[in-house]
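Read off the chains here:
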Amino acid sequence: MTQELEKTTPAGDPIADPGLPEHQYRPQDVDPAQEKRTERQIATMFGVATLLLLGFCVAYFTIDQDALIFVNGAGTGGWSAMNFTLGLTLGGALLLIGTGIIQWAKKLMGDHEIIEMRHPARSSEEDRSAVMADINAGIEESGIGRRPLIRNSLLGALGAMGLPAIVMLRDLGPLPGDKLMHTVWKPGMRVVNDVSGQPIRPSDVEVGQLVNGQPAIFFETDDEGHAVMHGHDVLNAKAKAAVILVRMRPEDITPAEGRENWGVDGILCYSKICTHVGCPISLWEQQTHHLLCPCHQSTFDLADNGKVIFGPAYRPLPQLPLAVDEEGYLVAVSDFPEIVGPSYSFLDRDQKKLDEEMA
Amino acid sequence: MSQTYTPVERTATGKKLAGPVGWLDERLGLAGPAKKNLRKVFPEHWSFMLGEVALWSFVVLLITGVFLTLWFDPSMAETTYTGSYRPLNGVEMSVAYASSLDISFDIRGGLLLRQMHHWAAHLFIAAMFVHMLRVFFTGAYRKPRELNWLIGLGLLMLGILGGFSGYSLPDDLLSGTGLRIADGMIKSIPLIGTHVSFFLFGGEFPGDQIIGRLYMVHILLIPALLLGLIAAHMLLLVYHKHTQFPGPGRTNENVVGYPALPVYIAKAGGFFFIVFGVIASMAALFTVNAVWIYGPYNPAEVTAGSQPDWYMGFAEGALRIFPPLEWSWFGSTWAMSVFIPGLGFLGLLFVALGVWPFIERAITRDEREHHLLERPRNNPTRTGLGVAGMTWFGLLWIGGGNDVIALKFGLDLNAITWFLRVGIFVGPVIAFIVTRRICISLQRKDNEVLTHGYETGVIDRSPDGGYSERHAALPIEKQYAVTSAKERPKAIEAPELVDENGVDAPRSRRERLRHRMRRFYYFGSGAVDKPTAEDMAHAEEHLRGSNEHPIELGEDFQGVSETGVPRVH
């Protein structure tokens, strides 16, 4: 198989090709005892692999799924005994099989390097002309060049074939319409604690505190005790309606014109959904009144109308005007006057419509 | 070992094989192609294994993925969890999340499968990235392999999409946050984004469709495309024959290595078990994507330190450091601070990688086929550009974890962001300049070692008391490998911009641009020319003199290590 190389020096090369180094024989090639030993080693690897795979099956049936190992002194932590044993028996068996095969290839199989000549990727000139002639004959005989009427009408029909495929996608989902304009907040709807569903009195919120809130409708039940909203309706609504309540010292707050009465005793309510790409914002820096989004670090100043002071968000955090109902609980005065959530391709149109509605 | 000249039909194996080979060949006629390929030669180098890691990780993904589909239920219907993981008992969640918990806690070995699948995905994409860097830095994408480079980019892109669609499936809090961000990115596409988002999610985010749709993409569409492209990638590899590093006996016209049957098949096949075994051991020892800790998705909750899997990290970083930029135009909103970093940077990366081989060829106008790999130092501009790209990617990656970095290193988050905003422009330029200089210096070092020998570590004392270190010539094989690897730079001629009548030649502007690009590209390749035959003859004469010293170094001598012990090989 081995071809003798011509020892040539390409023009300008200072050193002539010394050719392939002399073949080095391995211990296994010259010493039968060494060869036998290697054979035994490899067979042992395969044998142990088989045992490990059997061990995998035994472990599968005998180990309790909840059993933990390596539990630390405090009685916490710990690894799943099942996962650990199954993984290591399987992994060990695979590694032994792989190592065995590679050892076989490296130490026992013939190891003479072979030289194969390359051929240019291109075909021969004759083949090329033949192909071109064939293509030409095809074009000629079909008359595709001479009959533009047929060709173009066919291309048109084939192009139109894409239409059903695209049109069929129409029912992937409803059109956006004005769904992103509104949330479930209505005038007079209570702001409730997002875990307990309890309504909140101004006195429940201390200065510097942040409370995660939700509209009360998520927790309301009808006459028969069924939830008014459930399943995905809640998740979809939550993705827009989640809010945070923060209480600051009233003298720290600098409300914009028209927002002077949106808070109650220094309690302000903002959308929890970041105006950047919609992560729920929850990192509250009490001293600076800054709210930081944990996803992309947009920072909003809640004492200054939710203005963006750092990060990639562009629009300020929408504020929900608050009031207190006759029982003394915090309620929304209206829906958000600004669109909540991430910017979308026709947000500007929706915002203008919303402004008209609000006015 | 022993060569026999008995016709194969008369050997013991031949007699056994004749039946099945004949049966198959009479029906498939495969003896022709098989004759060419069964003993096909593959060259050896550790870096050629990187692509293999990717290939075998993909096979592990297929195997573990098939098992996972047996138990995973991609439904977004709400259910109440009653499985054996107590902290979430009685919690409302989607069926998809509940079935992920069941796989983790109630199916024996299910956790192992999940973790193997996830680790294999990490390894798959990481191996593809590193394989791509190997191909880039050694110039393996050059003619005739440009199309295979593009196929490789397609594989990388699909791998990333496969990874993203896969880790979104369990519908846990972390992956839901990832989908939320993806939704924000889609909504930012000018004019049509909101519609695309509503179609993908089947209405408003999160809706009850997306997991089922991603499931189809993840287990059918992407694997099918990946399989097709992998097949094309491998077929082209076989057709072109693998590239090799220059060395004694290795030329642009041959390929030196071991035959596919049996050595290479055994090594590559054995390596599959190694990759599989490493993944299984990782799944046994290291937790990955512990979805039970995150809890079910809730659009009103998020955990601090939320991060995507590492391969999406650079896009995440771009989103984080981009300054606010948004404008409105006749009712449409152009959320550029989401669209440009979120989708634009990803596009920029892949377009830049895709067009590079063609740009390089337009500059060099090199029509030759290249089967010998280039040492990165011998092409300083390409290597510099590659490192600049890696720097850009790495800085964005740091951006993707800026909150964690700020916390762990006690740094100011906003300062990191500002550093990166400037850094992604300045960093790659510095990296480019420094890398190019290092490459040029390494070429000079090569020349020095060739013409003055390597430092043996042996100190000679001369009769008059002076000390000097003895230098010895490199072995001839190494001399050849170093010199033959390097092409002599071509003279860069100024383009003829005016014809004989003094009129601007046609296309003179294009020629001028190309001239400038050539000067940029060949900078450094021309600065250090490799020694000529005369230089080497000089060197040989000079170094031959060292044999006159009283101590013979001997043929096996390989220099002395820093501790003074002679090196042995």
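Residues numbered from 1 in each chain as written. Chains lettered and ligands numbered in written order. Predicted model: local features only at pLDDT ≥ 70, side-chain atom pairs only at ≥ 80, totals over all residues. Heavy atoms only, no water.

Chemist: It is not clear to me how the overall build of chain B should be interpreted in this structure. Could you clarify?
Modeler: Across its full length, chain B carries 19 helices and eight strands. By principal-axis analysis of the C-alpha atoms, chain B measures approximately 90 × 75 × 65 Å. Counting all 569 residues of chain B, 52% fall into the buried class. Within chain B, residue pairs in contact and separated by at least 24 positions form 74% of the contacts whose partners lie at least 6 positions apart. (Helix = DSSP H or I, 4+ residues; strand = E, 2+ residues; numbered from the N terminus. Buried < 20%, exposed > 50% of the residue type's maximum accessible area, 1.4 Å probe, protein only. Contact = heavy atoms within 4.5 Å.)

Chemist: What is the right way to look at the sheet that holds strand E1 (residues 41-42) of chain B in this model?
Modeler: Hydrogen bonds between backbone groups are what pair the strands of a sheet, and the pairing can be parallel or antiparallel. Pairing is antiparallel across the open sheet formed by three strands, whose spatial order is E3(A)-E4(B)-E1(B). Each having just a single partner strand, strand E3 (114-117) of chain A together with E1 of chain B make up the two edges of the open sheet. Against the sheet, helix H10 (residues 260-285) of chain B contacts E1 and strand E4 (254-259) of chain B, and its axis sits at roughly 75° relative to E4(B). (Pairing = 2+ DSSP bridges. Axes fitted to C-alpha atoms, helices over the stretch in contact; angles between N-to-C directions.)

Chemist: Explain the domain arrangement of chain B to me, please; I cannot follow it from the model alone.
Modeler: Reports often express the size of an interface as the amount of accessible area lost when the parts come together. Residue and element names in this part refer to chain B. Parsing chain B into structural domains produces domain 1 (38-368) and domain 2 (452-548). The centre of domain 1, based on its C-alpha atoms, is set 43 Å off from the matching centre of domain 2. Facing 13 residues of domain 1, the contacting portion of domain 2 comprises 13 residues. Buried surface at the junction of domain 1 and domain 2, summed over both partners, amounts to about 1000 Å²; 57% is from carbon and sulfur atoms. Where domain 1 meets domain 2, there are two salt bridges. (Domains from an automatic or database assignment. Buried area = accessible area lost by both parts, 1.4 Å probe. Salt bridge = Lys/Arg side-chain N within 4 Å of Asp/Glu carboxyl O.)

Chemist: Would you mind showing me how to read the interface of chain A and chain B here?
Modeler: Contact residues are listed per partner, giving 93 residues for chain A and 122 residues for chain B. The salt bridge partner of Arg315(A) is Glu326(B), with a shortest N-O separation of 3.8 Å. On inspection of chain A and its partner chain B, the count reaches 38 residue pairs in polar contact (both at pLDDT 80 or more). Sorting the residues of the side of chain A that touches chain B by element identifies helix H2 (32-62), helix H3 (81-108), E3, helix H6 (231-241) and helix H7 (347-358) of chain A as the ones contributing at least two each. Among the elements that line the side of chain A that touches chain B, the one with the most residues is H3(A), at 17 residues. A breakdown of the residues in the side of chain A that touches chain B according to their chemical character gives 52 nonpolar, 24 polar and 17 charged. (Polar contact = N/O pair within 3.5 Å; in protein donor to acceptor, adjacent residues only side chain to side chain. Nonpolar A, V, L, I, M, F, W, Y, C, P; charged D, E, K, R; others polar.)

Chemist: Would you take a moment to explain the UniProt feature "transmembrane region" (unreviewed entry) in chain B for this structure?
Modeler: Residue and element names in this part refer to chain B. Feature annotation in UniProt assigns "transmembrane region" (unreviewed entry) to the following positions: residues 46-72, 119-137, 149-169, 215-239, 271-294, 334-359, 380-398 and 418-435. Taken end to end, residues 46-72 comprises 78% helix and 0% strand; its first and last C-alpha atoms sit 38 Å apart. Structurally, residues 418-435 is divided into 100% helix and 0% strand, and its ends, taken at the C-alpha atoms, are 25 Å apart. (UniProt positions renumbered as here; feature names shortened; annotations may be inferred.)

Chemist: Would you mind going over the side chain of His122(B) with me for this structure?
Modeler: Within the fold, His122(B) resides in helix H5 (residues 110-137). Judged by its relative accessible area of 13%, His122(B) is buried.

Chemist: What should I look at first to understand the domain arrangement of chain A in this one?
Modeler: Examined at the domain level, chain A breaks down into domain 1 (27-108) and domain 2 (191-358). The distance between the C-alpha centroids of domain 1 of chain A and domain 2 of chain A comes to 57 Å.

Chemist: What should I look at first to understand the environment of Tyr344(A) in this one?
Modeler: Along the polypeptide, Tyr344(A) turns up in the loop between strand E14 (330-332) and H7. On the basis of relative accessible area, Tyr344(A) is assigned to the buried category, the value being 1%. Spatially, the C-alpha atoms of Tyr344(A) and Val277(A) are 9.4 Å apart, while their sequence positions differ by 67 residues. Ignoring any residue separated from it by four or fewer positions in sequence, one finds Tyr344(A) in contact with Leu180(A), Met181(A), Ile339(A), Asp350(A), Lys187(B), Thr194(B) and Thr333(B).

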